[in-house]
Every structure is written in structure tokens, then in C-alpha cells.
Number of protein chains: 2
Amino acid sequence: MPKEKSTFNLKTPKGTKDWSGSDALLRDRIFTTIADVFKRHGGTALDTPVFELREILAGKYGEDSKLIYDLQDQGGEICSLRYDLTVPFARWLAMNPDVRSMKRYHIAKVYRRDQPAVSKGRMREFYQCDFDIAGTFDPMVPDAEILRIVTEVFEELGWQGRYSIKINHRKILDGVFEVCGVPADKIRPISSAVDKLDKMPWADVRKEMVEEKGLDPAVADKIETYVIKKGGRDLLETLLKDESLLANASAKAGLEDMDLLLAYLDAFGVLDRISFDMSLARGLDYYTGVIYEVVTEGSAPAVSSSAPEAQNLQKSGKKSKSKGGNADDDDRSNDPTLGVGSVAAGGRYDNLVGMFLPKAQIPCVGVSFGVDRIFSITKARLEREKSAEALRSSEVDVFVMAFGGKGFNGMLKERMNVCQTLWNAGIKAEFSYKLKPKLPQQFKAAEQGGIPFAVILGEDELAAGKVRIKEMGLEEGHPEKEGVLVDLVTLPAEVKARVAKKQDQSSTVTQQLQGLKVDAPAN
Amino acid sequence: MPKEKSTFNLKTPKGTKDWSGSDALLRDRIFTTIADVFKRHGGTALDTPVFELREILAGKYGEDSKLIYDLQDQGGEICSLRYDLTVPFARWLAMNPDVRSMKRYHIAKVYRRDQPAVSKGRMREFYQCDFDIAGTFDPMVPDAEILRIVTEVFEELGWQGRYSIKINHRKILDGVFEVCGVPADKIRPISSAVDKLDKMPWADVRKEMVEEKGLDPAVADKIETYVIKKGGRDLLETLLKDESLLANASAKAGLEDMDLLLAYLDAFGVLDRISFDMSLARGLDYYTGVIYEVVTEGSAPAVSSSAPEAQNLQKSGKKSKSKGGNADDDDRSNDPTLGVGSVAAGGRYDNLVGMFLPKAQIPCVGVSFGVDRIFSITKARLEREKSAEALRSSEVDVFVMAFGGKGFNGMLKERMNVCQTLWNAGIKAEFSYKLKPKLPQQFKAAEQGGIPFAVILGEDELAAGKVRIKEMGLEEGHPEKEGVLVDLVTLPAEVKARVAKKQDQSSTVTQQLQGLKVDAPAN
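Residues numbered from 1 in each chain as written. Chains lettered and ligands numbered in written order. Predicted model: local features only at pLDDT ≥ 70, side-chain atom pairs only at ≥ 80, totals over all residues. Heavy atoms only, no water.

## Section: the side chain of B:K60
All names here are of chain B. Relative to the assigned elements, K60 resides in the loop between α2 (54–57) and β3 (79–81). What makes K60 buried here is its relative accessible area of 7%. Here I56 takes part through its backbone oxygen, which lies 3.0 Å from a polar atom of the side chain of K60. A polar contact is formed between the side chain of K60 and the backbone oxygen of A58, at a distance of 2.9 Å. (Helix = DSSP H or I, 4+ residues; strand = E, 2+ residues; numbered from the N terminus. Buried < 20%, exposed > 50% of the residue type's maximum accessible area, 1.4 Å probe, protein only. Polar contact = N/O pair within 3.5 Å; in protein donor to acceptor, adjacent residues only side chain to side chain.)

Pasting the structure below:
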């Protein structure tokens, strides 16, 4: 191996970062929580290569194709890093036309050669967590299950009452535009403008419609009467009495879908998390049916039509890569499948697989969770709640240590032997790699690791077949402050009982993130 | 979105594949089993970007650098896909010089633009599972824990008695070569030749030493007397009486290490899985201390010094990328850190981090598990044992179905509602997305999914607050063949009890892979 001078540029590539310590552990727990929900609903894992033939990605991302990372042509095939997980899934479905239905999940990194803004969380390498249901079924049944999955994910992350799901339907929206008199060729651009209502006041959106996109002001005013509507079944009932909407085939089909969807969400016990929001339009062109976006406290910028402070705030909420977006705006969110304030989003896309192979056409509906944003919000909450777990970088429950008087040999083999006993019982345990560690050093190592229990070996006690279990951090005067002497043979059971009890006492959030407890969502 | 004709080349790039269905699930279980062991020993996750600055990888892989995938220069930094997980770990340690000790694990894909042989499992994209301990500690303590971790992984995979760990020490080996009279500049080439003893008879290795590498035949004969030795503590005791070895500083240091290591492995209760094998040399240059390789039944090609059939077999076991290797040999294994027959390998490498930053030098010891090979062997065993689990692609426990007489409405909302109850309790459940599915269709879906239980809704029974639980596949005459009627309120508990009982009955392998049970390794 040639010797090299330390002239390396010691860094990760621009827009990428290492994940380590407590951040890596917390993110892994979020992945596990999400994957467990996916599996509970029959999701099967699909893992595709990190790069695809370039032609597979071509023509899928419009002008964002310039953000695709290409591999160098080193002879052979021309490949690019994947840009999302949806196109590889569609490619897989087209390659496997015998599969006529599938619930698949995929948690993996995707790549975008965008201008990064690491401090704002816009990275060139980031994770997506996708769940999609492919197949031809009775209307709105899988769509409802996707939304049920969304509620389970956030409730198990401990977000009860802190999120809501905005839903709308592309067919309703397109019908509304038709009814209001939007010319056919302006429907997508006008839809894009409406999509900005979560971060711009109506006056600005109207201006964009009329001045930038040349819409008749009277048509814009008609649109306003619809897209400002929000509600639940009440809103649907109102729309179902709107004769002009019912006379439009697209709107009628959408409203019928929505009627079914709300009934199914009721049967799934999650109707109260849903807000039917007619301003939701979603950026991507390929949606064909129901669309949704999950917003949470503090994740969506405030919207006001007057306060200039609020409008400044809103600048930082500029929609990523929507067609009217400014490619140089450094405050865009990373993921075009997510709105600025949203932590998950998705919808029905019935025509994407057919782009690869028309005869393999298969309708799909799915959702993508924005893990980086979920991570940031969860971490901030754990820190606010001063959760000890938030700072831990490992899950170790026990530190095995020893002490002794003059001539103490360190009891290394004895400590190893006790660790063996604990590991055999599946208990997470560590010990000092020093031959003769001092007791304060060992306690310090346990404290620094946030390890909740010490098992302490003393020469005389061990000779009598006993060791001491001590819970870390007990206050003075606690009856077990000095620990409890237990028989070595019962040590694993004694440790397990204490670890379980301690976990019962710790915060619900932590338990949920650890997957130790599943709370029933309230009905 | 532009319409494209279906002129796509519908495939994954050469040397890559999609993982789906039961294969993806089994591989995930193997990952979980391995990661759980890593965490039990205080391992913390480190996730690095899939690409690194090219200069970070340069000069680390010798002539194999030609196998590195480069990203196209699209302006900005020059990057390459990572080739292994060790160099990114060393880069991270050099970038974080405040971290003076760390147990890190990393399970991720690596990339090699090698000639692929998919049918033989040599891929351009494949997973590595690495655990490494960095830090300056008392000798051989972390080394022993790494070997303990190796045993836990394979025992929890259900490989008890079917694997063994070969260990040796670079300092012993180098000392032996010096004592035998190998010139200093020939030590590494001669070591490479010795490393082939697991797939070539001594006569061929000797020929390589003498004819290709110009070694004095008398020296080669002396080497033979050492490298054919295998054993345990008995072998070490013999070597510790070898005056000429003890007079060599390197050999003496290695033997002292080995003495400590065996004592620690005894304290960890795993000495019986270890074979001290003086022919083990390992391909990579950067090892500086103890080295090891895990072999399993059927994974290592037979070695014979005479039978020509055996020698033909051995051809297919040619060592990957060792310096004497043939780059066109299509039968090489993929991963140069693994020998042909091995399923895990590693060793101590004290000087690698210093290649990035001499002042951040930090000794390391680690192991890499060959997940693809572990997957193939595990899958073959599950198929041989006709494990139903091996064929499942999801983990769903319950299929909720309904039936009724004339005018039956399909009970969709009722099925949804029962699913809700089960999901709330954390039970994995599915139902048909049809409005009015026929009962045989629903049973067929449950059977095809390998789902062990059906919950059956009948109109009259449900009106009385009852549903039927039926275990799938019970033989005629079984008392519960027609299922058991239970109260809807007790359904989750009834299902959980039956699922737990069923899992207790299923094979140990499956349970272990599901992480449901931790078997204590025998002492």
C-alpha cells in the first residue's frame, strides 16, 4: 500500500453528510417505526439498484432531469443514480408484468445534483420512505388504506393531535377549473398556482394567474370561491349539491370517489385526522386521482394576506421546483414530492407504469414520507422534552464493571464472563477494555454512554456467587442508591425485569420510537 | 409529461439486481439478526454517503482501483462510488479526531465495476455488514469481543455446529517467514502464496513460491513445517516452546497476543468455535495483527493434494484478487475481504486511519459479514427444510374475510373496521380490496400469501358481536378445522395468543431469523 501524505481533502462530497451517534440511532428508530407499520399492512420490501440505465430515468422529471447524477462512461452501459423511488418501482412493475397487484415499501437514498443547502436540510443525497399499492381494485379501497397507514406512522411517532392530512382529488380540481372556465391548456399551470396557496395569500396567487398566466380575472375570482373551501364531510355534502359541478363529468367522478373515501376512512377510524382542502393541488403532473399532504405544527409557514413579516416568512416556504418556481431560490425544500411544510405526501398515479410498457399498465396509489424533516421535528421535540434517549448513541442497557482493594487485578475475565451471561440472554451489555480500570472511570463511561444500569463485580461478593445491580442516576437517599445484591444465576432475569420497568417509566415517545409499545389510535 | 414509446431497455444495469418478495424479506431478517447482535455489543450506526471524493479512495485498493465506479464530471467535485465500508470509516475517524474510541457498524451497499457473474453471486452492487472497534485499549480485548460477535451472529442465524472460525496472527506469520529465512522483500508475496492453501495443495503453493517467486526450496520446505499446523491451545503451547520462534521479536509478540486472545475467548465461552490455523494469511495488506475467516459446511472447496477431481473443484475456488490471482477468472468471489469459502472475515488494522491523517492515527479491529453468501446458504437450508417461512414475502398474520348468502353486500366496511381493531393492537392484517369478494377467492389470497390465520365475518355472527378465527391448513378432523367463534372485543387477544403459539411451534431457524428468540450459545 503506497504511503500517501495527508493532503486529502477530508470531507464528504458537497450536499452529503455522515450520520453517526445519537442522530443515526434516532433516524434508525424512525425507519423501524415506519417499516413496522408498512409490514403490518402487508407491505413487501423491494430493493432496486442505486443506479439505473439512464434511458429509464429519461423523460420522467421534465426540466429537473438536469439534476440527475450520471455515472461516468467507463465502457458498457450508461447509468445514472436514481432520482426517486417511484420510477424504479414503475420500471420493476413493467419488468414483472405477471405481478398484477403488489403492496411494496422501499426505504432508501435518492440523489439530486441540486444546489445544496445543508443547514436547511436540502441535501444531494437523502432518504425517501415510500409505500405504494399497485393493482386494479374497487375504487378508493387501497387509497383509504394508504391514508390509514399515514395515521399509524405519525401516531406511533408520538405525533397524536399534532398533524393533519389534507386531501383533495385531481378530478375535482380539474372539474372546478373547467366549470370556472379555465381553458384546457391552462389547467396544469393554474393548478400549479393554486398549489401555492399554502404559502402565498390568495391575492398573490390571483396575480400570478392573471398577470403571469393570462387568466381572465373573472375566472380567477370564480376559482377563489372553490379553492378557499376546507372541511370534512360537510364540505363534500355542499359540493354534492352544486349543480354546475355535478354537470361536469370529471368533478362528478371525483366527488363520488371522495364520498367513498370518506366512508372508508370512517370505517378505518381516522376520519378526524383528515381535512378536505380544495386548495391542495400537488406539484407533480402524474397524479390522476386522490392527492394528499401531511402537515404538522410548525412545519407549515404561516399564511397571511397582510402582515409583511408573515410574507417574509413565506418566502422561505417557496415551493420546490413547481413550474413557476425559481431555480435559484436557496430556500426550496429538497423533495418535489413534498410541499414545503409537509412531512409526507402522495396520491394516485394510474398511468406511470404504462410509460415503460403500455401493456403492463397498472394503476398505483402511494405515499412518501419525508424522513429528514420527520427526523428534525422529532429530534427537536425530544430535546425540548429533555429526553435522555435523544442524546444516546447506543442502546446498551448494562455496563459491567469491577472494583477491588489493594492488589486488585481488574477482574477482566470475570467481567467478560458476566458479559457472556448477559449476551446469552440477549441483554445489551458493555465493559471496559482496560485490564485494570478504576471504578470512577467505569462509572464515567457508563454515564457518558447514557447506560441505565451498572452490574458491579466485587471480589468477595463474586466469590459468594453474587453481583450488584445499580441503577444509574438515583438520587441520594433512594433505597437502591447503593444497588442491590443478586445471585449470579438470577442476574439475567433481574436485569431484564429492571430494564423493562425502566422502559415502562420512560416517555411514550421513546417507547414508541423503540417499537416497544403500540398505542391504539383513538377512534 | 412527454409520451414515450416503450423502446426502453427494461432491465437493471449489468451486475445489479432487484430484490423482492421472499428473498427481500429473508435478507432483511438476516440484516436485522446481524444488526441486533451489533447493538447488543454497543455498536453505533455510521451511515456515510454512497459516493466519496475520488481522492479519498485513491491509493487504497492497489490495482483494483480500476474497478471503482466514477461519477461523471458534471462540474464541481470529482466523486466515485464507495468500494467498501472500511475506507469511509477510516475517513470518518480522520475527520473526527476527537473520537478516540468507537464501536461502529455499517450495513450498506458497495460498488465494484468488475466483470459480473450474477449466477455465481458476483455482483457489481452488493451489501457489506461491517462491525469495527477503533481505539487504543489493552491488548486483544476488543479483538476477542469481535470474535464473540461473530459467534453470536452465526448462532442466531441457526448455524450452531455448522461453522468454524479460523484465526491466525500476522506477526506470527511474518516471524515464521523471517525464521525460515524468507528475504524481507518477499514476505508479502510469500504470504499471499500461503493464503491459497485453503484451495490449493501444498505442492502447488510450494511451486508458486519457488518457481514464480524465486524462493529457496529449502526455505519453502521449512515454511511447510509451520503452515500445515492447525489446532487450539495445544498448538499455541507447542509454538511457545519453539526457541527459534521465541527468538524472533515479531513471532514472540504474536504468540503473546494469541495467548491472551485464547484466554479471553475462553472467558467469552466461545473457544470451541475457534481453530488456530497457521495457513491463514488473508489477502489484504493492511492487516497488522490477528486475522480470521469464518468457514461453513459446504462453503469451502475440498482440498486434496492428489485427486484431480478435487483439483478441478479447487479451480472454481480461486482466490479473489490476491496478487497472484487471474483477473479473468470468472469464478472469483466478489469480495476481496472474503476468502472463497468464507462467510465472514476480518482482522486488526492499526495503520489505515493514519493514511488520511497521521496525527489521527487510531488502531482498529473489525469484521465483515458476506451477506449475499449467508443469504444463499440460509435460503438453501430453509428450502431443504421446507420451511413455509422461506417462501413468504410478507409477515402478515391475519386475513380478514367475509361471507354471506343471497344479497350479500360484501361487508367491506365491517372488514375494514375489524382490520382497524387488529392494526390498533399491532397485529399484521390484510383484507380483500374487492367490494364483494367471494369466500374461495379470499381463502386463496390468504393461502397464496402464506398467511397463517383467517378472521371470518358472517352477517349473523357479527350482529351477535362475534367473529370466527380459523387457522389455515388444518387437516380434516382437527377440532378447530371450522374455526373458533370469539367475541369481537377479545379478538385481538385471541389472535395474538394463536399467533404466538404458532410461532412457538415453527422452526427454531425461523424464530431466530425473526428475532423472536435468542438461543443461549452452548458453553
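## Comments concerning the pairing of strand β15 (residues 466–471) of chain A
Residue and element names in this part refer to chain A. Relative to β15, strand β14 (residues 453–458) is paired through four bridges, and the arrangement is antiparallel. By the bridge assignment for β15, V455 is matched with I469. Here β15 pairs with strand β16 (residues 484–487) via four bridges, running antiparallel. Residue V467 lies in a different strand from β16, and its bridge partner there is V486. (Pairing = 2+ DSSP bridges.)

## Thoughts on helix α8 (residues 217–227) of chain B
Residues and elements named next belong to chain B. Within the sequence span of α8, burial applies to V219, A220, I223, Y226 and V227. Viewed end-on, α8 has its buried residues packed into an arc of 110°, placing them on one side of the element. Of the residues flanking the start of α8, the one acting as N-cap is D216, its side-chain oxygen 2.9 Å from the backbone nitrogen of A218. (Arc of directions from axis to C-beta.)

## Some remarks on the packing of helix α7 (residues 202–212) of chain B against α8(B)
Residues and elements named next belong to chain B. At a closest axis distance of 10 Å, the pairing of α7 and α8 adopts a crossing angle of 140°. Taken together, the axes of α7 and α8 lie oblique to each other. Here the hand of the crossing between α7 and α8 comes out right-handed. In this structure, α7 uses W202, R206, M209 and V210 to contact α8, whose residues at the interface are P217, A220, D221, I223, E224 and V227. Residue composition of the contact of α7 with α8, grouped by class: seven nonpolar, no polar and three charged. (Axes fitted to C-alpha atoms, helices over the stretch in contact; angles between N-to-C directions. Parallel < 35°, antiparallel > 145°, perpendicular 65-115°, else oblique. Left-handed = near helix turned anticlockwise from the far one by under 90°. Contact = heavy atoms within 4.5 Å. Nonpolar A, V, L, I, M, F, W, Y, C, P; charged D, E, K, R; others polar.)

## Some thoughts on the UniProt feature "binding site: L-histidine" (unreviewed entry) in chain A
Residues and elements named next belong to chain A. Mapped onto this numbering, the UniProt entry gives "binding site: L-histidine" (unreviewed entry) at D84, L85, T86, R112, Q128, D132, R282, Y286 and Y287. Within the secondary structure layout, Y286 lies in the loop between β8 (274–277) and β9 (290–296). For Y287, the residues in contact, after removing those within four places along its chain, are R170, R282, G346, G347 and R348. (UniProt positions renumbered as here; feature names shortened; annotations may be inferred.)

## Examining the packing of aromatic side chains
The final tally for this structure, using the stated rule, is 33 aromatic pairs over all chains. Judged by centre distance (6.0 Å) and plane angle (70°), the ring pair of A:F431 and B:F268 falls under edge-to-face. Separated into two different chains, A:F431 in strand β13 (residues 429–431) and B:F268 in the loop between α11 (249–267) and β8 (274–277) make up a pair that spans both. We note that A:F431, like B:F268, is buried. Centroid distance B:F154 to B:F369: 5.7 Å. Interplanar angle 50°. Geometry classified as tilted. Taken together, the residues B:F154 in helix α4 (residues 141–156) and B:F369 in strand β11 (residues 364–369) connect sequence positions 215 residues apart. Among the residues examined, B:F154 registers a relative accessible area of 0% and is labelled buried. For B:F369, a relative accessible area of 1% corresponds to the buried category. In textbook terms, an aromatic cluster arises when at least three aromatic residues are bridged by ring pairs, as seen for A:F38, A:Y105, A:F131, A:F154, A:W159, A:Y163 and A:F369. (Phe/Tyr/Trp six-rings, centres within 6.5 Å; stacked < 30°, edge-to-face > 60°.)

## Looking at the pattern of salt bridges
For the structure shown, the criterion picks out 68 salt bridges over all chains. Measuring nitrogen to oxygen at the nearest pair gives 2.6 Å for the salt bridge that ties B:D47 to A:R27. Separated into two different chains, B:D47 in the loop between β1 (44–45) and β2 (51–53) and A:R27 in helix α1 (residues 21–40) make up a pair that spans both. A:R27 matches B:D47 in its accessibility class, with the two residues each being buried. Note that B:E494 and B:R498 form a salt bridge whose closest N and O atoms lie 2.7 Å from each other. With B:E494 and B:R498 both in helix α17 (residues 491–505), this residue pair falls four residues apart, about one helical turn. (Salt bridge = Lys/Arg side-chain N within 4 Å of Asp/Glu carboxyl O.)

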